[in-house]
There are 2 protein chains.
Amino acid sequence: MSDIKHPEIDLDPQDWPAFRALAHRMLDHALDHVQGAKERAIWQPVPADVKTALKAGVPHAPQGIDKVCDDFLEQVLPYSTGNTHPRFWGWVHGTGTAGGVIAEMLAACMNSNLGGRDHGAIYVEQQVVNWCKSLFGFPTSASGLLVSGTSMATVIALAAARFKVLEYPVRSTGLQNGTKRLVGYTSVEGHSCISRAFDLLGFGTDALRKIPVDQNYQMDMRALSAAIAHDRAAGLTPFMVVGAAATVNTAAVDPMHEIAELCEKEKLWFHVDGAFGAVAALGDKHTELYKGLDRADSLAFDFHKWMHVPYDAGCVLIRDAEAHRGAFNSRPEYLAEAPRGLAGGEQWFCDYGPELSRGFRALKVWFTLKEHGIEGITRKMEDNCAQARQLAQWVGEQPALELMAPVSLNIVCFRYRLDDAEKSDTLNREIVMQLQEEGIAAPSTTVLQGRAAIRVNITNHRSRLADFELLIQEVLARGEASNA
Amino acid sequence: MSDIKHPEIDLDPQDWPAFRALAHRMLDHALDHVQGAKERAIWQPVPADVKTALKAGVPHAPQGIDKVCDDFLEQVLPYSTGNTHPRFWGWVHGTGTAGGVIAEMLAACMNSNLGGRDHGAIYVEQQVVNWCKSLFGFPTSASGLLVSGTSMATVIALAAARFKVLEYPVRSTGLQNGTKRLVGYTSVEGHSCISRAFDLLGFGTDALRKIPVDQNYQMDMRALSAAIAHDRAAGLTPFMVVGAAATVNTAAVDPMHEIAELCEKEKLWFHVDGAFGAVAALGDKHTELYKGLDRADSLAFDFHKWMHVPYDAGCVLIRDAEAHRGAFNSRPEYLAEAPRGLAGGEQWFCDYGPELSRGFRALKVWFTLKEHGIEGITRKMEDNCAQARQLAQWVGEQPALELMAPVSLNIVCFRYRLDDAEKSDTLNREIVMQLQEEGIAAPSTTVLQGRAAIRVNITNHRSRLADFELLIQEVLARGEASNA
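Conventions and cut-offs
- Residues numbered from 1 in each chain as written.
- Chains lettered and ligands numbered in written order.
- Predicted model: local features only at pLDDT ≥ 70, side-chain atom pairs only at ≥ 80, totals over all residues.
- Heavy atoms only, no water.
- Helix = DSSP H or I, 4+ residues; strand = E, 2+ residues; numbered from the N terminus.
- Rg over C-alpha atoms; globule rule 2.2 N^0.38 Å.
- Buried < 20%, exposed > 50% of the residue type's maximum accessible area, 1.4 Å probe, protein only.
- Contact = heavy atoms within 4.5 Å.
- Areas by Shrake-Rupley, 256 points an atom, 1.4 Å probe, with all protein chains shown as cover.
- Lys, Arg positive; Asp, Glu negative; His and termini not counted.
- Charge placed at Lys NZ, Arg CZ, Asp CG, Glu CD.
- Polar contact = N/O pair within 3.5 Å; in protein donor to acceptor, adjacent residues only side chain to side chain.
- Buried area = accessible area lost by both parts, 1.4 Å probe.
- Salt bridge = Lys/Arg side-chain N within 4 Å of Asp/Glu carboxyl O.
- Nonpolar A, V, L, I, M, F, W, Y, C, P; charged D, E, K, R; others polar.

1. Overview of the overall build of chain A
Here's step 1: When its secondary structure is counted, chain A shows 14 helices and twelve strands.
Here's step 2: Against the 2.2 N^0.38 benchmark of 23 Å for 484 residues, chain A shows a C-alpha radius of gyration of 25 Å, consistent with a compact globule.
Here's step 3: Principal-axis analysis of the C-alpha atoms gives chain A an extent of 85 × 60 × 40 Å.
Here's step 4: Within the span of chain A, comprising 484 residues, buried residues form 67% of the whole.
Here's step 5: When contacts within chain A are restricted to residue pairs at least 6 apart in sequence, those whose partners lie at least 24 apart make up 73%.
Here's step 6: With an accessible surface of roughly 15,700 Å², chain A has 49% of that area assigned to carbon and sulfur atoms.
Here's step 7: With 47 positive and 59 negative side-chain charges, chain A shows a separation of 3 Å between the mean positions of the two kinds.

2. Notes on the side chain of S424 of chain B
Residue and element names in this part refer to chain B.
Here's step 1: In this structure, S424 sits in helix α13 (residues 421–437).
Here's step 2: At 3.4 Å, the side chain of S424 forms a polar contact with the side chain of R415.
Here's step 3: Excluding residues that lie within four positions of it along the chain, S424 makes contacts with R415, Y416, R417 and L418.

3. Considering the interface of chain A and chain B
Here's step 1: Between chain A and chain B, the residue contacts involve 183 residues of the former and 183 residues of the latter.
Here's step 2: When chain A packs against chain B, close to 16,300 Å² is buried across both sides, 59% of that on carbon and sulfur atoms.
Here's step 3: Interface area lost by chain A to chain B is led by L11, Q176 and Y334 of chain A, which between them contribute 6%.
Here's step 4: There are 22 salt bridges connecting chain A and chain B.
Here's step 5: Across the salt bridge formed by R20 of chain A and D28 of chain B, the nearest N and O atoms sit 2.8 Å from each other.
Here's step 6: The interface formed by chain A and chain B holds 96 residue pairs in polar contact (both at pLDDT 80 or more) in total.
Here's step 7: With 21 residues, helix α12 (residues 361–397) of chain A is the largest single contributor of residues to the side of chain A that touches chain B.
Here's step 8: Grouping the amino acids of the side of chain A that touches chain B by side-chain chemistry returns 82 nonpolar, 60 polar and 41 charged.

4. Concerning the pattern of salt bridges
Here's step 1: Summed over all chains, the structure comprises 61 salt bridges over all chains.
Here's step 2: The salt bridge involving D10 of chain B is made with R464 of chain A; its shortest N-O contact spans 3.0 Å. Taken together, the positions of D10 of chain B in the segment before α1 (16–35) and R464 of chain A in the loop between β12 (451–457) and α14 (465–483) put the pair across two chains.
Here's step 3: Of the charged contacts, one joins D467 of chain B and R87 of chain B as a salt bridge, the two residues approaching to 2.9 Å between their closest N and O atoms. Residue D467 of chain B is located in helix α14 (residues 465–483), and its partner R87 of chain B is located in the loop between α3 (65–75) and β1 (88–89); the two are separated by 380 residues in the primary sequence.
Here's step 4: Judged by relative accessible area, D467 of chain B falls into the buried class, the value being 9%.
Here's step 5: One network of salt bridges, with partners in common, ties together D10 and D12 of chain A together with K38, R462 and R464 of chain B.

And the structure:
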């Protein structure tokens, strides 16, 4: 009767007890990795033989789960990025948590698709979004979506802003008819994801005006006003301003309140890039710095940075839920909602962003925020800011070291001085490479006013003051050795 | 000396043995959930009291990991989507695997960021991409990226195609100058993600021409040629054709070979939407159907569908790596690569897509493909296709049932006949809701030629023939009851 000739099959373990025992052993490896974060070298290069092993061709035949786990322990686990280590301060990386390991295994067992429909995971994401609206001063009528990170959050916010100004026809006619030419604004210190979103959405990066900053690396508001006036006079259509909270080079926070005022006056969409810095608004020590953030039309930020949710997890909040949904909703017949059953549910998240299938990243956020509470997360955030001030003070006490930018939050840029500035550039880059290669510490580098800086970004819940003392010692020793 | 007044803190467990014991208990819950997939009702609505609990406000104070786990077991785990169940055939969902649970906990313990830099996870993603290039007939010089799913893969492929035709200036000037108006083509059965990508990228959905299909729901090639000629005559710039492999309504595969020929002649970018159907090209039973797929300029497909990797995980492959990288690369000073150390590494994935921070979704793909092998995955794929043929045969044997479209792969659309077509629409939608509500089975619905259909999409490694027998019985019983 059936044309199925072979025994029916599935991809479940054939020996469940053995599988279970293996899974428990692997869980211990995972927890050992987290618990032992402080004890390992922060980083080591992937050895040549491991690189070769990771070039093996397509696995046509099944290898079985035991072999895969062995390969993982040998080829992958030892060569991590290092951001779980207390002395990782490169770029802007979060640390992750042990609770995140539990959350991710649970999300995987459910295998939920949060594009839409009516099931528990949807309510978890809604709850997380509602928490965020409340935390950042957005009204209950606002909307939001969990995303892979601030880059995607920015794309979504800009698409909503585009929809708001051009209305429905933009979705059908696009930007190709050239009737209105939209321009937006951020500072020269604005993050590259803003420029990349302008590119992706078809505005082009030229349509993003880069406004100069003052000595504190904050946006120059007079220059912003002048740029808007200039563009209006040229027949262009200014539509949005992006304020940084905070910038990635030096953690400068743009004047939120003044941007909000200007945007209200000029009827522009006010977007805030809060990738890592939005978290600092949740404490009580930076209230003045963040005044006006709650007037943003949209906010993009990450959970995987200063909130330590495992990668990847970010969020976009949008004040005007109609503009948000208007920019993305569109569902074909096979996705029609039903009055009852699994195809019910009031909110289908696929109506709020470019993704249709969406994983359950909300669970790890839910776990992390509940486990540690906003208080636990902000307390460590304040601790990191205090560590940054302490590090800056230690830098200031050393004549051989030079602080390269004011410390407003958690980023300290400094360098070892040499009389020859170019030699100093080379030396400081060399110091950073050595610290990484020797597994001691992982700051990164940047360029400030044309000069290389050692950049210490402190979004690390495992860092202790002693870790920064070691950093100072190691930098000094290497600088002195090069001078000798 | 320090302004840090409180004891230094971190977010690690204060009692590691207790945390470990809890993690092992939760792992057993996770594995019980997978192992017991067949025994549960496929779906149940979230009860009102659970919905209320999931509206609790911001967790300001830490709740601790025990409380979070308890909440999860009570409020979240029982209300899953149901796609781990053998009788889930709604939309296009993958089943997930037990091995995926292990992979996700391991990825979380490493907490890698795959935007770039030189660490083990990068080599894992490169290996997975290389496997895919090999499997789908792309040259070793091609590029690829793991993404959240086919929607993002499509955005990336279209951005690369846009870059290829408009070259570098498109990134700075965008589409706003209206010099060239790009148009692309797909069939009326093309997936909504294509239209959504046209919207997002600023082309506008009007720029995507919807070509009619024949009685097999395959793109009408003469209509495609005519549309291209018509657009060229109107001064527009045709730049790409999207072929479906396969369509989401009926799993029709567009004539790949003919589209490839036409694209070569017309110098158009040939993109293939292989969201779930690309996997069928990996077996030896559909060679003729997929002939020409290996000539695609880009391919978008999902691992989380017919390859059963846990959500979310998809892939884009792009033949012209220069166009791919050209469309996305741009890195500021703080992300500059270094000759040695952690900032080394030849390939930074942030140069190939819109995301900068990127999670380690490659690990669950690596685990799944190695554990089961391409053979294990394609064997179950063929099994699913045979099940679809069997189901179609059973439908054909029942006078009360009507097959609504030809079965080419794994999707069976049918309905219970009533003399009154509108009453039949209502009945069939009602049957689907009842089957879901009673936890028996979860097909979904669609509309074909204006009429509602019960749509059975078989991308489920747990489905057995007996599951489809039960479906037929249940549909017949409900249809007869309504007729009585």
